[in-house]
Amino acid sequence: MGGGSAVVRVLRDRTAGRCLAGVVVSGFGMSAMWLTAGIWVKSLTGSNSLAALTVFAMWAPVLAGPALGALADRMDRKVLLVRGNLVTACLLLPLVLVDSGRTVWLLFAVLVLHGASGVVLDAAESALVAGTVPASLLADFNGLRMTANEGMKLVAPLAGAGLYVRFGGPAVALLAAATCALAALVFARLPVRGPLRAPVPAGSWRDELAAGLRRIRASAVLRPLVTAGAATMFLAGVNGAVTFAYVDEVLGRAPAYAGVLYAVQGAGSVAVGLLAGPLLRRVPERVFAAGGIALFALGAGARTVEPDAVALGASAAIGFGLPCVLIAAMTAVQRETPDAVLGRTAATAGSLMTAPNAVALALGAGLVAVVDVQVLTAVAGAAGVLAAVVLGAGARRQRDAPGATAPAPTSGEPGADPASPQP
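Summary of the structure given here. No experiment lies behind these values; they were computed from the predicted model shown.

## As for the overall build of the chain
Along the backbone of the chain there are 18 helices and zero strands. Pairs at least 24 residues apart make up 84% of the contacts formed inside the chain by residues separated by at least 6 positions. Summed over all atoms, the accessible surface of the chain reaches about 16800 Å², with 68% contributed by carbon and sulfur.

Have a look at this one:
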């Protein structure tokens, strides 16, 4: 099956197509709010560290991923997507009250709740898709989802920054709320009816929450991919935390120029999302992920120099490389995990890969005040190259090991492991 025909099949699938539409709609408001929050806080307080902490506030809830993901295993996933987006829309409305440094705390509180909603919705969507989209198309769907989500960085940050400059932060908050409400309408029209969720089995709640972690630790496929994703996202957090300082101190630009860099980064992610499915049918998941990590590392390291052309190229490389390990890992999770624990496993994998990002954002927000930005980007680049080498070497050892077989085919392809759960 060619890559082009796979993309067409994904788009023609009613469930997949409408899920992608919901991602596009909600992703537009999310991307606009994500960048504008940093500009908003920077303008109200003048602090680079507080501006960086806005991104941390949205990422922090991933630390509770296993508990939040359990909702996707205990509720109708379609209903959860609808109600979750409506709740998120309501949460954003109080941001119209943020008008000075004294009310910035309200912005941070809403961003934390917004992030928690995002964890639940991502787990519900991942589990719903795994149960309804043909297994052979999961990599293509995840790539297109990345394209749809990250593609919003092509327009949403610039639109959000422009809206902020013209009307202020409350206008962007209202836009984000409207997109969440529209996404709820799109998900309400999904042509699926979720099965009744299994009752909570006997045993401790702690054991229930740990089910996803046990699944990942026991899998020779999932464990290295999730570990590599965690290491890469830690470095991405450092890279993200220094963005405003990089724009200010290295490039000598106004804070709004960060919107240009995020837009270019989104272009890189759009490209890799379109190519992910075909590439994952031709190379092992670990090789695909390792190549992406290496490209990300080169982009992060390139931020040690000043020319704008290099800055734009580095952003494109970061955008292209970073999603590779995430797409590979989440496709493997959907393929390798039974439906009964898929919500928790997806959320746990997401937490393990993105919690280091939240920690690094907080750490980077402090380091940027005392360490030269170019030192931080150089260290992040070197560490990324090391992570790529380790993951790539593991793939080679696995291939060359005595008795080793060819890499497992992509989900649903002829010869795939019959024990792997199929939708």
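## With respect to the environment of D122
Within the secondary structure, D122 sits in helix α6 (residues 104-132). A relative accessible area of 43% means that D122 is categorised as partly exposed. A C-alpha to C-alpha distance of 8.6 Å links D122 and G69, two positions 53 residues apart in sequence.

## Section: the pattern of salt bridges
Tallied over the entire structure, the rule returns nine salt bridges. Close ionic contact of R344 with D73 constitutes a salt bridge, the shortest N to O distance being 2.7 Å. Separated by 271 residues along the polypeptide, R344 in helix α17 (residues 342-367) and D73 in helix α4 (residues 65-74) bring together distant segments of the chain. Comparing R344 with D73, the two get one shared label, buried. Measuring nitrogen to oxygen at the nearest pair gives 2.6 Å for the salt bridge that ties R281 to D140. Remark: D140 occurs in helix α7 (residues 138-151) and R281 occurs in the loop between α14 (258-280) and α15 (285-301); sequence separation between them is 141 residues. Each of D73, R77, D339 and R344 takes part in a single network of salt bridges with overlapping partners.

## So, the side chain of T54
As for its position among the elements, T54 is in helix α3 (residues 48-59). Judged by relative accessible area, T54 falls into the buried class, the value being 1%. Leave out the neighbours within four places in its chain, and T54 touches A37, G38, V41, F108 and L111.

## Things to note about the state of the cysteines
In protein structure, a disulfide is the covalent linkage between the sulfur atoms of two cysteines. Under the defined criterion, the tally for this structure stands at zero disulfides. The structure places no disulfide on C90, whose sulfur is separated from the nearest cysteine sulfur, that of C180, by 9.9 Å. Residue C180 is classed as buried on the basis of its relative accessible area of 5%.

## Remarks on the nonpolar core
In this structure, M33, L95, L107 and Y246 are the most contacted members of the largest nonpolar core, which totals 48 residues. If near-sequence neighbours (up to four positions away) are discounted, L95 is found in contact with M33, W40, L106, L107, V110, P170 and A173. Within the second largest apolar cluster, 39 residues are counted, among which are M146, A228, L342 and L391.

## As for the side chain of S219
Locating S219 in the fold gives a position in the loop between α11 (211-218) and α12 (222-241). For S219, a relative accessible area of 13% corresponds to the buried category.

## What to know about the environment of P307
Along the chain, P307 falls in the loop between α15 and α16 (308-336). Owing to a relative accessible area of 44%, P307 belongs among the partly exposed residues under this scheme. Considering only alpha carbons, one finds P307 and V250, 57 residues apart in sequence, at a separation of 9.0 Å.

## Structural notes on α16
Relative to the 42 Å expected for 29 residues at 1.5 Å per residue, α16 spans 43 Å between its end C-alpha atoms, a close match to the ideal helical length. Counting buried positions along α16 yields 22 of 29 residues, so the element is predominantly enclosed.

## Observations regarding the packing of aromatic side chains
Under the criterion given, the structure shown has zero aromatic pairs. The aromatic ring of F167 is capped on one face by R166, whose charged end is 4.8 Å from the ring centroid. When the ring centre of Y257 is taken as reference, the NZ or CZ atom of R253 above it lies at 4.5 Å.

Rules used in this analysis
Residues numbered from 1 in each chain as written. Predicted model: local features only at pLDDT ≥ 70, side-chain atom pairs only at ≥ 80, totals over all residues. Heavy atoms only, no water. Helix = DSSP H or I, 4+ residues; strand = E, 2+ residues; numbered from the N terminus. Contact = heavy atoms within 4.5 Å. Areas by Shrake-Rupley, 256 points an atom, 1.4 Å probe, with all protein chains shown as cover. Buried < 20%, exposed > 50% of the residue type's maximum accessible area, 1.4 Å probe, protein only. Salt bridge = Lys/Arg side-chain N within 4 Å of Asp/Glu carboxyl O. Disulfide = S-S within 2.5 Å. Core = buried A, V, L, I, M, F, W, Y, C linked by side-chain atoms within 4.5 Å. Expected span 1.5 Å × (residues − 1). Phe/Tyr/Trp six-rings, centres within 6.5 Å; stacked < 30°, edge-to-face > 60°. Lys NZ or Arg CZ within 6 Å of the ring centre and 35° of its normal.

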